[in-house]
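# Topology and contacts: notes
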Amino acid sequence: MNKKPLITLTWITLGSSIFFFTFFSDEKTLESFGYNLLISGMYAFGLGLSNGFLNDFLNKKFSWTEQTRLRTILGIVATIIVNFVVVYFCNYINFVIIQKVSTQEEFFSGKYNFTNWFFVNFALMISAFLHAKGFMEELKKNTKQEVVEQKLIAKSANAQFESLKNQLDPHFLFNSLNVLTALIDENPEQAQKFTTSMSKIYRYVLEKKDKEMVKVEDEIEFAKIYCNLLKTRFEDSVNFIFEVNNDDLQKFVVPLSLQLLLENCIKHNFATSSKPLNIRIFTEGKFLCIENNLQVREQLKESAGIGLANIVQRYALLTKENVFIEKSEQTFKVKIPILIEKNSQTMTTYTSETTENVAYERAVKRVKELKGFYGNLISYCIVIPFLVIINLLTSSKQIWFYWPMLGWGIGLVAHGMTVFAIGKNWEEKKIREIMNNQK
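Residues numbered from 1 in each chain as written. Predicted model: local features only at pLDDT ≥ 70, side-chain atom pairs only at ≥ 80, totals over all residues. Heavy atoms only, no water.

Glancing now at the side chain of Q259. Topologically, Q259 is positioned in helix α8 (residues 257-268). Side-chain polar atoms of Q259 contact the side chain of E263, separated by 2.2 Å. (Helix = DSSP H or I, 4+ residues; strand = E, 2+ residues; numbered from the N terminus. Polar contact = N/O pair within 3.5 Å; in protein donor to acceptor, adjacent residues only side chain to side chain.)

Dropping the structure here:
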């Protein structure tokens, strides 16, 4: 067991026994001080240890951050029960057994109701402070853990995205050189034209491969140039049709997606003059589609699977929208989402600096709210007992301390409900209902 709480309770016992011995004890004797020390220790250790064990038990069973409401409700109910039992037990030992100022019948007759009520409220204030302290410690720990986890996620996602982009450069170059090698033997003049066009296309690759998104218009223009290169090699064995909605040209797709999909069509299908491969690029709703008639060629070796897998993974990092693959007996179609930049989850969301800043700002705002509430709670726990003592010492016949205690207490409860969003479920439900109706 941690020694710090025991040391704290020992100092509380010593301090309170000296206080009561100095100001309230009629006999200034060693025996009287011993009684004060015994009684103070009983209350301090009884209330302190019982509330400490209760708080630790609830913290282990119920998380403050994940089960805030349940933890709060159980904490309130359990704290009231435990403090009620411990206070009555300590008061009974004190007044009936140790001081012998009351009989058992008198103690339970209602004569000490006010005393019991006072001690229970005082104990509840101390318990509230302990629970608040436990909540702040767990919140601080979870906030640090969340920031660390978000940084790891950001670094992992960013590294994955960079890895995917880096595949594009050598992948495009390798496939283009394969086409060029074939043309050199088949048609040297066409190979020369292909080399000139390839330099223009490769410039686009170098410019766009590091971007998160490019305009549909730019990607279509690039795809047309690349299709011309393919036409140079395959001539009338391959046909290309572009039917893209003009309204979608200023929207966005991932860079080089069409080039990879065109390569995929050529690589997996045979094309001849008698049976040409027809490739159609068109828009369908919020998707940019590339469709070809299915003429599957036999693969001499297993495909590396870079093209289509690369597109799927890059879209998964950028947006929640899915890439769809539709295959029938006659056609093969891939549908890639057309993105609107302000609604897409761009990779800036995944940079470690941005993620950390968002998490940090959210944590700072939350901590300020909690700090304000617990500052209010601690002030209440300190000031109200002080007012009670002043009231009982100066005018015990005129009880007035419950007015500030009640008024401040209501304000404290309202403050707590605001901070912990208690009773806000109906607002969230109403907001969702309105949003669904608007959709």
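There is more to say after this.
For the coordinates displayed, the defined rule picks out 8 salt bridges. K335 is the salt-bridge partner of E284, the closest N and O atoms lying 3.1 Å from each other. One end of the pair, E284, is in strand β4 (residues 277-284); the other, K335, is in strand β7 (residues 331-337), with 51 residues separating them in the sequence. Overlapping salt bridges bring together E284, E326, K333 and K335 as one network. (Salt bridge = Lys/Arg side-chain N within 4 Å of Asp/Glu carboxyl O.)

What follows deals with the sheet that holds strand β6 (residues 324-327). The strand order across the open sheet formed by 5 strands is β2-β4-β5-β7-β6, and the pairing between neighbours is mixed. At either margin of the open sheet sits one strand with a lone partner, and together these are β2 (238-243) and β6. For this sheet, the mean inter-axis angle between neighbouring strands, taken without regard to orientation, is 15°. Note that β4 and strand β5 (residues 287-293) share 6 bridges and pair antiparallel. For R280, the partnering residue across the bridge sits in β5 and is E291. Here helix α7 (residues 216-234) sits on the sheet in contact with β2, β4 and β5, set at roughly 165° to β2. The strands touched by α8 within the sheet are β2, β4, β5 and β7, with β4 carrying the most contacts at an inclination of about 150°. (Pairing = 2+ DSSP bridges. Axes fitted to C-alpha atoms, helices over the stretch in contact; angles between N-to-C directions. Contact = heavy atoms within 4.5 Å.)

To continue, consider α7. End to end, α7 covers 26 Å across 19 residues, agreeing with the expected 27 Å (1.5 Å per residue, within 8%). Those residues of α7 that fall on the buried side of the exposure criterion are V216, E219, I220, F222, A223, Y226, C227, L229, L230, T232 and F234. The positive-phi residue at the C-terminal boundary of α7 is E235, with phi of around 55°. (Expected span 1.5 Å × (residues − 1). Buried < 20%, exposed > 50% of the residue type's maximum accessible area, 1.4 Å probe, protein only.)

The share of residues in the protein chain with pLDDT of 70 or more is 76%, and the mean pLDDT across the chain is 76. Low confidence marks residues 342-355, where pLDDT is under 50. Its contacts with residues over four positions away, or in another chain, come to 31 contacts. (pLDDT = per-residue confidence, 0-100.)

Under the feature "transmembrane region" (unreviewed entry), the UniProt entry names residues 7-25, 37-58, 70-94, 114-132, 373-394 and 400-422. Between the C-alpha atoms that bound residues 37-58 there is a distance of 31 Å. The span itself is 100% helix and 0% strand. Regarding residues 373-394, the helix share stands at 100% and the strand share at 0%, and the terminal C-alpha atoms are separated by 31 Å. (UniProt positions renumbered as here; feature names shortened; annotations may be inferred.)

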